[in-house]
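So you can see what is in the structure, the chains are spelled out below.
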Amino acid sequence: MKLIEFFGPSNSGKTVALVKMTKRLRKNGYSVATLKSTPHVLNYEKDSKDSVKYLEAGSNLSIAVGKGETILHLPRRVDLIELLKHLNYDFLLVEGETGFPMPKVLFLNEKEGMERVDDLTIAVVGKEKNPNLKAKRFQTLKNIGAEDYDTLYDVVISHAMPPLPGDDCGHCGSDCTSMMVGIIRGEKTYKNCVKLSKKAVRVEFDGEVVPILPFISSIIEDVNAGILRNLKGVKKQGHVKIEFDLRN
Ligand code: SF4
């Protein structure tokens, strides 16, 4: 990747020039990322307008870096299955439906919501005593009061789950959503996911085994297996050992 910086005082034509250069580069077949850097706190109104201008010019990724924060703006929807490869936090709290299998908490308004209960729903947030919850098929759901954030926090701590691979490979004879439903109900464990239970990857650093999440193990295996199987001398099945030296 090649870098170049346009700098100068406000209203000196930097944004327009960046837009024009982005258009030309894209027209000539290059991929382009754009970055706007300011020493100040980001001004969402102005900075997101510039960000959108760069995307409209064809930028493949528009970044705004301000005092204490960074915004990445992509001109496409990134699926959760792809995003998860880049995330490594203790919790991912999601607002809105993704279609990715995970435990779900349904928020009701005054009039509607219960029709959206599905097999992944573990709790309902709304009126203290929701009469609809008396129905037999809803009796396993926790009923949380509209502003009972203590109970909601307990549910997050005790019911949030690590992700399954999410690609519905079918090796378990089913799909990831059915597997997650089984795990939530206590009928299945992560060991029932054939992809996660392969345990093919072992990482050591300076002789010490590094603990890795099954999901990360699965990614390391998939990426490396795809490359290695193309090498002469590597068969379809067998034990592989790769060593790196990170001292340089
Ligand atoms: S084996 Fe795992 S990744 Fe494959 S469909 Fe089943 S739960 Fe999903």
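Thresholds, definitions, all that
- Residues numbered from 1 in each chain as written.
- Predicted model: local features only at pLDDT ≥ 70, side-chain atom pairs only at ≥ 80, totals over all residues.
- Heavy atoms only, no water.
- Pairing = 2+ DSSP bridges.
- Helix = DSSP H or I, 4+ residues; strand = E, 2+ residues; numbered from the N terminus.
- Axes fitted to C-alpha atoms, helices over the stretch in contact; angles between N-to-C directions.
- Contact = heavy atoms within 4.5 Å.
- Salt bridge = Lys/Arg side-chain N within 4 Å of Asp/Glu carboxyl O.
- Buried < 20%, exposed > 50% of the residue type's maximum accessible area, 1.4 Å probe, protein only.
- Parallel < 35°, antiparallel > 145°, perpendicular 65-115°, else oblique.
- Left-handed = near helix turned anticlockwise from the far one by under 90°.
- Nonpolar A, V, L, I, M, F, W, Y, C, P; charged D, E, K, R; others polar.
- Right-handed = clockwise from strand over helix to strand, strands pointing away.
- pLDDT = per-residue confidence, 0-100.

Taking strand neighbours across the sheet as the criterion, the three strands line up as β1-β2-β3 in an open arrangement whose pairing is mixed. Edge positions in the sheet fall to β1 (33-37) and β3 (69-73), since each of these pairs with one other strand and no more. Across the sheet, the axes of successive neighbouring strands diverge by a mean angle of 15°, strand direction being ignored. Contacts from helix α2 (residues 44-56) reach β1, β2 (61-66) and β3 within the one sheet, and its direction differs from that of β3 by about 35°.

Okay, the sheet that holds strand β4 (residues 104-107) next. Pairing is parallel across the open sheet formed by three strands, whose spatial order is β4-β5-β6. In this open sheet, the two strands that pair with only one neighbour each are β4 and β6 (142-145). Each neighbouring strand pair of the sheet contributes to a mean axis angle of 25°, computed without reference to strand direction. Where β4 lies against strand β5 (residues 121-126), four bridges are found, and the strand directions are parallel. By the bridge assignment, Leu 106 is partnered in β5 with Val 124. This element, helix α4 (residues 149-159), spans β4, β5 and β6 of the sheet and lies at about 140° to β6.

Time to look at the pattern of salt bridges. Pairs can form between side chains of opposite charge whenever their charged atoms are close. According to the stated counting rule, one finds ten salt bridges in the structure shown. A salt bridge links Lys 36 to Asp 50, with the shortest nitrogen-to-oxygen separation between them at 2.6 Å. Of the two residues, Lys 36 is situated in strand β1 and Asp 50 in helix α2; the sequence distance between them amounts to 14 residues. By relative accessible area, which is 3% here, Asp 50 ends up buried. Close ionic contact of Lys 49 with Glu 45 constitutes a salt bridge, the shortest N to O distance being 3.7 Å. Here Lys 49 pairs with Glu 45, and both are found in helix α2, just four residues apart, close to one helical turn. Here Glu 45 falls in the exposed class, since its relative accessible area comes to 56%. By sharing partners, the salt bridges in this structure join Glu 97, Lys 104, Arg 116 and Asp 118 into a single network.

Next up on the list: the packing of helix α1 (residues 14-27) against α2. Running from N to C, α1 and α2 point in directions that differ by 25°, and their axes come no closer than 8 Å. The angle between α1 and α2 places the two elements in the roughly parallel class. Here α1 and α2 pass one another in a crossing that is right-handed. For the pair formed by α1 and α2, the contact residues are Thr 15, Leu 18, Val 19 and Thr 22 on the first element and Asp 50, Lys 53 and Tyr 54 on the second. The residue inventory of the contact of α1 with α2, partitioned by class, reads three nonpolar, two polar and two charged.

Looking down a regular strand, the side chains alternate between one sheet face and the other. Pairing analysis gives five bridges linking β1 to β2, with the strands arranged parallel. Directly across from Ala 33, in β2, lies its bridge partner Leu 61. Crossover connection from β1 via α2 to parallel β2: handedness right-handed. Inspection of the sheet shows β2 paired to β3 by five bridges, in the antiparallel sense. Note on β3: the bridge partner recorded for Ala 64 is Ile 71. The loop that links β2 with its antiparallel partner β3 comprises two residues; one of these, Gly 68, has a positive phi angle of about 75°.

Across the protein chain, the average pLDDT comes to 87, with 93% of residues at 70 or higher. Within the protein chain, no element has a lower average pLDDT than strand β8 (residues 208-210), which sits at 75, and none a higher one than helix α5 (residues 176-184), at 96.

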